[in-house]
Amino acid sequence: MEKKPYVISNVGMTLDGKLATINNDSRISCEEDLIRVHKIRANVDGIMVGIGTVLKDDPRLTVHKIKSDRNPVRIVVDSKLRVPLNARVLNKDAKTIIATTEDSDEEKEKKIKILEDMGIEIVRCGRGKVDLKKLMEILYDKGIKSILLEGGGTLNWGMFKEGLVDEVSVYIAPKIFGGKDAPTYVDGEGFKTVDECVKLELKNFYRLGEGIVLEFKVKK
Ligand SMILES: NC(=O)C1=CN([C@@H]2O[C@H](COP(=O)(O)OP(=O)(O)OC[C@H]3O[C@@H](n4cnc5c(N)ncnc54)[C@H](O)[C@@H]3O)[C@@H](O)[C@H]2O)C=CC1
Ligand SMILES: Nc1nc(O)c(N)c(N[C@@H]2O[C@H](COP(=O)(O)O)[C@@H](O)[C@H]2O)n1
């Protein structure tokens, strides 16, 4: 696939690979790591999350831990258009694109109109769930050449499965959350065999605050 943004997947996870506790407490990264993430945010064209993350964390998705004169475009992948109208990701601090499906009903069309009146751009691709490959092409054509993918586990799975991630950086905190239903770095259905899995090449690792950062390139 030629026309796609360069995608960096980043999370803060526990040693057991969790993104949050079973009660959705996702405070994993130390302050030093959040500053590292905001340095990446300041250098990409877009920050992308799934609607699950918006509903659970109500993130701002701006550069607010370091000084920066620009905010990337915020991209929310939201098949059923569940985004609350008072979500912080819809505020005026940065441009926001909501990616949803081409499926249509009266209620959805009404909500699209409200969101567009609020200045939110709506991109429609796919049926049932957002077609992530098509979305990448559309975003590239809009000038978004690099994206920081910030989860959660369901969207991460979709992006890895489609081969759309180029680089991985993870912060591993010295914590163990446990819980088979706690969100992990990559959820979804999972690959059935080792042959199918995503293969990575370790590029760098270092101590940061109380934890460790690992950086990989995705083998294509
Ligand atoms: N520690 C960390 O670094 C982070 C933690 N989190 C945590 O992750 C959890 C949220 O994760 P999830 O519930 O998995 O939600 P998610 O943020 O991955 O969003 C999933 C949603 O994405 C949408 N979607 C549309 N098309 C899709 C496609 N083709 N493939 C995949 N998804 C598609 C669907 O509407 C789906 O419900 C929260 O507990 C949050 O706190 C989230 C981000 C980072
Ligand atoms: N890197 C990282 N470490 C953690 O411990 C986290 N919980 C997250 N969460 C991601 O950051 C978003 C919050 O962004 P704002 O500070 O509100 O701008 C959250 O929605 C997750 O995508 N990340």
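Because the structure is a prediction, the values reported are computed rather than measured. Position labels on residues start from 1 in each chain and follow its written sequence. Both sets of labels track the order of writing: A upward for chains, 1 upward for ligands. Totals for whole chains, interfaces and linings use all residues, but because this is a predicted model, local features are given only for residues with pLDDT of at least 70 and pairs of side-chain atoms are given and counted only at 80 or more. Derived side-chain values reflect all non-hydrogen atoms in the structure, with water molecules and hydrogen atoms excluded from consideration.

A. Representation of the environment of isoleucine 114. Mapped onto the elements, isoleucine 114 comes out in helix α3 (residues 106–117). Between the alpha carbons of isoleucine 114 and arginine 82 there is a distance of 13 Å; along the sequence they are 32 residues apart. Labels follow the DSSP assignment, with helices taken as runs of H or I lasting at least four residues and strands as runs of E lasting at least two, numbered in each case from the N terminus.

B. Structural detail: the site of ligand 1. By convention in this text, a residue qualifies as near a molecule or strand provided that one of its non-hydrogen atoms is within 4 Å of it. If you check the shell around ligand 1, you find 27 residues, and the closest are Gly12, Asn24, Thr53, Thr154 and Leu155. By the criterion applied in these results, polar contacts are pairs of N or O atoms within 3.5 Å in which, for protein atoms, one can donate a hydrogen and the other can accept it, and in which residues neighboring in sequence qualify only through two side-chain atoms. Side-chain polar atom of aspartate 57 to an oxygen atom of ligand 1: 2.8 Å apart, as the coordinates give it. For the accessible areas, the method is Shrake-Rupley and the probe is 1.4 Å, while residue cover comes only from the protein chains on display. Taken by itself ligand 1 offers 870 Å² of open surface, and the protein chains cover 87% of this. Going through the elements one at a time, β1 (6–14), α2 (51–57) and α5 (153–161) are the ones with two or more residues in the shell around ligand 1.

C. Local environment of the pairing of β1. Only protein chains enter the accessibility calculation, which uses a 1.4 Å probe; a residue whose area is less than 20% of its type maximum is buried, one above 50% is exposed, and one in between is partly exposed. Within β1, eight of the nine residues are buried, which leaves it mostly tucked inside the rest of the structure. Pairing between two strands requires that DSSP report at least two bridges joining them. Pairing geometry for β1 and strand β6 (residues 146–149), over four bridges, is parallel. When the bridges of β6 are listed, tyrosine 6 appears paired with serine 146. Examined bridge by bridge, β1 and strand β7 (residues 167–173) share seven bridges and lie parallel to one another. Bridging from a neighbouring strand, methionine 13 pairs with isoleucine 172 of β7.

D. Fine view of the nonpolar core. Put simply, a nonpolar core is a bunch of buried Ala, Val, Leu, Ile, Met, Phe, Trp, Tyr and Cys residues held in one set by side-chain atoms that sit within 4.5 Å of each other. Core analysis: the largest hydrophobic core is formed by 32 residues, its most contacted members being Met48, Leu135, Met136 and Met159. Of all elements in the fold, only β1, β3 (73–77), β4 (96–100), α4 (132–141), β6, α5, β7 and β9 (211–218) reach the threshold of two or more residues within this core. Among the elements that take part in this core, α4 stands out by supplying four residues, more than any other. Listed in part, the 16 residues of the second largest apolar core include Val54, Leu61, Ala87 and Ile112.

E. Seen up close, unusual backbone geometry. That bond from glycine 151 to glycine 152 is cis: its omega, 0°, falls within 30 degrees of zero. With respect to the helices and strands, the residue glycine 152 is situated in the loop between β6 and α5. If you check the backbone angles, asparagine 24 has positive phi at about 65° while not being a glycine. Structurally, asparagine 24 is set in the loop between β1 and α1 (31–41). Look at asparagine 24 and you get partly exposed, because its relative accessible area is 30%.

F. Geometry of the packing of aromatic side chains. When the centres of two rings from Phe, Tyr and Trp lie within 6.5 Å, Trp using its six-membered ring, the rings pair. Their planes under 30 degrees apart give stacked, over 60 give edge-to-face, and anything left gives tilted. What the rule picks out here adds up to two aromatic pairs. Residues phenylalanine 160 and tyrosine 185 carry aromatic rings whose centres are separated by 5.9 Å and whose planes lie at 90° to one another, so their mutual orientation is edge-to-face. Residue phenylalanine 160 is found in helix α5, and its partner tyrosine 185 is found in the loop between β7 and β8 (200–208); the two are separated by 25 residues along the sequence.

G. Representation of the confidence of the model for the protein chain within the structure. Looking at the protein chain, pLDDT values average 98 and 100% of them are 70 or higher. We note a pTM of 0.98 for the whole complex and an ipTM of 0.98 for its interfaces. pLDDT runs from 0 to 100 and stands for how confident the predictor is about each residue.

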